[in-house]
Amino acid sequence: MNRILVLNGPNLNLLGTREPQIYGYTTMDDVIEDLQSRFSGIEIEYFQSNCEGEIIDKLHAVGFDSQCIGVALNAGAYTHTSLAIADAIAAIKTPVVELHISNVHARESIRHTSLISPVCRGVIAGFGVDSYRLAIEAILNF
Ligand code: DQA
């Protein structure tokens, strides 16, 4: 069965309790359960890490696997800082969609810059946890 990887970066393990006024009260377990029931014809794989190197290793692991048809990536704060993650996305074959729960462009100016946007297929931001569903819809329409 084809797979889509939902890949989360730092602090997103705390979704549901972390700054709920910005990120809401829904947990990542709830998000993945909802995605798997909506998209039953595809396997939704989930991985989260607070470590930059582990995110890169995961991108390398799926990036040449033809059964993995896309990555929905919320790189968290690494979005704004990590040339290494940008290089990993550029190096792999699997398309990556950048996503954010919050509208990063309506927040502090440091969040307006993304080092990964130029190497991603597209960007989705500001729709709460529905950004994950929208990223998967985009991958399914490639
Ligand atoms: C985020 C936005 C980032 O600026 C922030 O560092 C996060 C979450 C979002 O989903 O809105 O950790 O990627």
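Reading the values: rules and limits
- Residues numbered from 1 in each chain as written.
- Predicted model: local features only at pLDDT ≥ 70, side-chain atom pairs only at ≥ 80, totals over all residues.
- Heavy atoms only, no water.
- Core = buried A, V, L, I, M, F, W, Y, C linked by side-chain atoms within 4.5 Å.
- Buried < 20%, exposed > 50% of the residue type's maximum accessible area, 1.4 Å probe, protein only.
- Helix = DSSP H or I, 4+ residues; strand = E, 2+ residues; numbered from the N terminus.
- Contact = heavy atoms within 4.5 Å.
- Pairing = 2+ DSSP bridges.
- Right-handed = clockwise from strand over helix to strand, strands pointing away.
- Phe/Tyr/Trp six-rings, centres within 6.5 Å; stacked < 30°, edge-to-face > 60°.
- Lys NZ or Arg CZ within 6 Å of the ring centre and 35° of its normal.
- Near = heavy atom within 4 Å.
- Polar contact = N/O pair within 3.5 Å; in protein donor to acceptor, adjacent residues only side chain to side chain.
- Areas by Shrake-Rupley, 256 points an atom, 1.4 Å probe, with all protein chains shown as cover.
- Nonpolar A, V, L, I, M, F, W, Y, C, P; charged D, E, K, R; others polar.
- Axes fitted to C-alpha atoms, helices over the stretch in contact; angles between N-to-C directions.
- Arc of directions from axis to C-beta.

Explain the nonpolar core to me, and be specific about the residues and the numbers.
Judged by nonpolar contacts, the single largest core of 21 residues is most densely connected at V6, M28, L35, I44, Y132 and I136. Every element with two or more residues in this core is listed here: β1 (3-8), α2 (28-38), β4 (96-100) and α5 (130-140). The residues touching I136, leaving out its near neighbours within four places in the chain, are I4, V6, L35, F39 and I44. Membership of the second largest hydrophobic core comes to 19 residues, among which are I55, L73, I85 and I89.

So what's going on with the pairing of β4? Which residues, and what values?
Burial of β4 is extensive: 5 of the 5 residues sit out of reach of the surface. Burial along β4 is two-sided: V96, E98 and H100 and V97 and L99, pointing in opposite directions, are all buried. Bridge count for strand β3 (residues 68-74) against β4 is 3 bridges, and the pairing is parallel. Across the sheet, residue V71 finds its bridge partner in β4, namely V96. For the segment spanning β3, helix α4 (residues 83-91) and β4, crossover handedness is right-handed. The sheet contact formed by β4 and strand β5 (residues 122-125) spans 4 bridges and is parallel. Each residue of the ladder has a partner; that of L99, found in β5, is I124.

I'd like to hear about the environment of F64, residue by residue, with values.
Among the secondary structure elements, F64 is positioned in the loop between α3 (52-62) and β3. A residue is classified by how much of its surface remains accessible, and F64, at 54% relative accessible area, is exposed. Excluding anything up to four places from it in sequence, F64 contacts A91, I92, K93 and T94.

Which residues make up the packing of aromatic side chains, and what values do they have?
Throughout the structure, instances matching the rule amount to 0 aromatic pairs. Against the face of F47 rests K58, its NZ or CZ located 5.3 Å from the ring centre. Residue placement shows R121 over the ring face of F142; its charged tip is 4.1 Å from the ring centre.

I'd love a proper account of the site of the ligand, names of residues and values included.
Taken together, the neighbourhood of the ligand is formed by R18, Y23, N74, G76, A77, H80, H100, I101, S102, V104 and R111. At a separation of 2.7 Å, an oxygen atom of the ligand approaches a polar backbone atom of I101. Burial of the ligand by the protein chains amounts to 99% of its free accessible area of 320 Å². Partitioned by chemical class, the residues of the shell around the ligand number 4 nonpolar, 5 polar and 2 charged.

Explain the sheet that holds β1 to me, and be specific about the residues and the numbers.
The 5 strands lie next to each other as β2-β1-β3-β4-β5, forming an open sheet whose pairing is parallel. For this open sheet the edge positions go to β2 (43-48) and β5, each flanked by a neighbour on one side alone. Within this sheet the neighbouring strands show an average axis-to-axis angle of 20°, counted without direction. Summarising the sheet, β1 and β3 pair through 6 bridges and their orientation is parallel. Its bridge partner lying in β3, R3 is registered against C68.

Break down α4 for me, with residues and values.
Buried within α4 we find I85, A86, A88 and I89. In an axial view of α4, the angular spread of the buried residues amounts to 160°, which keeps them on one side of the axis. Opposite the buried face of α4, at more than 90 degrees from it, the exposed residues are L83 and A90. Along its buried surface, α4 packs onto α3, β3 and β4.

Treat this as a map of the structure, not an account of what it does.
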